[in-house]
Amino acid sequence: MAREIVLDTETTGFDPKTGDRLIEVGCIEIQDLLPTGRTFHRFVNPERLIPPDAIRVHGITDDKVKDAPKFHEIADDLIEFIGDAPMIAHNAAFDRNFIDFEYKLCGRPITGEARWIDTLKLAQSRFPGMPNSLDALCKRFKVSLVERTLHGALIDARLLAEVYLELRGGKERVLDLSSSPVAGRSAGVAVPTAAYGPRPQPLALRSSPEEQAAHIAFLAKALKDRALWEAYGVRVEEEAA
C-alpha cells in the first residue's frame, strides 16, 4: 500500500465529446488506506452554460462558477496534488474521460486508464447483482449521508474514500486474522495477548465413571496420535490398561 487519491468530478453533462465540460473537482489523499487530511478542491468555469438537468443534480449554477478559474488555470495544481498516485473513482471511466479531455485541451499529459481504480467494479465483484451506486454502498457500510443534500465533488470524494476503505478492509485491518505478525502492527495498533492463570476452583466433572472409562477405551482403540490428549494430562494407555 502507498499513497492514493480518491477523486470525484461534477460536470455539465455526460460526455465531453459532445461539448460537456468539467465544473468541479475534489480529491482526498489517503496513505496506506488511511486518510491524511490533505484535500484538493476547485470550482471551474466551464466556458459554457450549465443545463438545468445538471443543476438539479449538483446545484452548481452559472453564477456560482462565472468567476471561477478555467481548467487550464488549475491544471498544474491538480497535477501536482495527484502526483504519480493511483486515482480512485466510482465509475472511474466517467471521471477519467473528463479529466483527460481537459488535460488534452490545455496541453497536459493524459492520465490513462491504467492509473485508475474503479470502486464500482470493486463493489460489483464483492456484491454481484446488488445495487452498487455510491448511495447504496454508503447505506450498506453505514456511511452517513446527512451532509449530502446534493452531489458535490469534495463531499462525494469524502464519502467514496470511506466506501473505498470499507471495500479494501482498511477500517478493520486490526481484525486481520493473518498469521503474519505484521498484520496487527500495520495499523499502528498493538494487539495484546491475554494470559490466564489456573481456575481458582476446578469445575466438577459432568461425566460418570462409566462414561469416562468408555471414553478412554475409545481413545486407546481409535487414535494413533495421542499427543493432544496427553498434553491435557490424559494418559490414554495407562487409563485404558
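Up top is the structure.
Sequence order as written defines residue numbering, which begins from 1 separately in each chain. Note on the predicted model: pLDDT of at least 70 is required for a residue's local features to be given, and 80 or more for side-chain atom pairs to be given and counted; whole-chain, interface and lining totals, by contrast, use all residues. With hydrogens and water excluded, all non-hydrogen atoms of the structure serve as input to the side-chain values.

Chemist: Is there a simple way to explain the overall build of the protein chain in this structure?
Modeler: Helix and strand labels come from DSSP, where a helix needs a run of H or I of at least four residues and a strand needs a run of E of at least two; each type is numbered from the N terminus. Along the backbone of the protein chain there are 11 helices and 5 strands. Scored against the burial criterion, the 241 residues of the protein chain give a buried share of 37%. Contacts are assigned to residue pairs that have any heavy atoms within 4.5 Å of one another. Intrachain contacts of the protein chain at a sequence separation of at least 6 include 61% that bridge at least 24 residues. Under the convention used here, a 1.4 Å probe and the Shrake-Rupley method define accessible areas, while residue burial counts only the protein chains that appear. Of the roughly 15,000 Å² that the protein chain leaves accessible, carbon and sulfur atoms contribute 55%. Any residue under 20% of the maximum accessible area for its type is buried, any over 50% is exposed, and the rest in between are partly exposed; the area is computed with a 1.4 Å probe on protein chains only.

Chemist: Would you mind going over the environment of T111 with me for this structure?
Modeler: Following the sequence through the fold, T111 ends up in the loop between α4 (92-105) and β5 (116-118). Expressed as a C-alpha distance, the spacing of T111 and M87, which sit 24 residues apart in the sequence, is 9.2 Å. Filtering out sequence-adjacent residues up to four positions away, T111 remains in contact with M87, R96, I99, D100, Y103 and W116.

Chemist: Looking at this model, I keep getting lost on the pairing of strand β2 (residues 22-31). Mind explaining?
Modeler: Regular strands place side chains that alternate from one sheet face to the opposite one. Within β2, 9 of the 10 residues are buried, leaving the element largely enclosed by the surrounding structure. DSSP calls a pair of strands paired once it identifies at least 2 bridges connecting them. Bridge count between strand β1 (residues 3-11) and β2: 9 bridges; the pairing is antiparallel. What sits directly across from I5, in β2, is E29. The pairing of β2 with strand β3 (residues 34-43) spans 7 bridges and is antiparallel. Looking across to β3, one finds that I30 is bridged to P35. Remark: 2 residues form the turn of the hairpin made by β2 and β3, two consecutive strands paired antiparallel; D32 in that turn has positive phi of roughly 55°.

Chemist: Sorry if this is basic, but what is going on with the packing of aromatic side chains here?
Modeler: One pair of aromatic rings is described through two measures. These are the centre distance and the angle between the planes. Side-chain rings of Phe, Tyr and Trp (the six-membered ring for Trp) are treated as a pair once their centres are within 6.5 Å; stacked means planes under 30 degrees apart, edge-to-face means over 60, and tilted covers the remaining angles. Scanning the model with the defined rule gives 4 aromatic pairs in all. Seen from their ring centres, F94 and F98 are 5.1 Å apart, and the 50° between their planes marks the pair as tilted. With F94 and F98 both in helix α4, this residue pair falls 4 residues apart, about one helical turn. Under the relative-accessibility criterion, F94 is labelled partly exposed at 24%. Taking NZ or CZ as reference, R140 lies 4.6 Å from the ring centre of F127, over its face. In this scheme, Lys NZ or Arg CZ marks a charge over a ring once it lies within 6 Å of the ring centre and within 35 degrees of the ring normal.

Chemist: Sorry, what's going on with the sheet that holds strand β4 (residues 87-89) here?
Modeler: Backbone-to-backbone hydrogen bonds pair the strands of a sheet. The strands run either parallel or antiparallel. Here 5 strands make up an open sheet; going across it, the order is β3-β2-β1-β4-β5 and the pairing mixed. Only two strands of the sheet have a single partner each, and these edge strands are β3 and β5. Adjacent strand axes in the sheet meet at a mean angle of 25°, parallel and antiparallel pairs treated alike. On top of the sheet, helix α5 (residues 119-126) reaches β4 and β5; it is set at about 40° to β5, its chief contact. Fitted lines through C-alpha atoms serve as axes, helices being fitted only where they are in contact, and the angles separating the N-to-C directions of these axes extend from 0 to 180 degrees.

Chemist: Please clarify how α4 should be interpreted in this entry.
Modeler: Helical periodicity: at 3.6 residues per turn, an α-helix aligns residues three or four positions apart in one direction. Residue count minus one, scaled by 1.5 Å, sets the expected span of a helix. In a regular helix each residue adds 1.5 Å, so 14 residues correspond to 20 Å; α4 covers 20 Å between its end C-alpha atoms and thus fits that length. Here α4 has its buried residues at A92, D95, R96, F98, I99, D100, E102 and Y103. Close packing links the buried residues of α4 with β1, β2, α3 (71-82), β4 and β5.

Chemist: What is the right way to look at the side chain of D156 in this model?
Modeler: Take D156: it is sitting in helix α7 (residues 153-167). By relative accessible area, D156 is classed as buried at 4%. Sequence-distant contacts of D156, defined by excluding residues within four places in its chain, comprise D8, E10, L134, R148 and H151.

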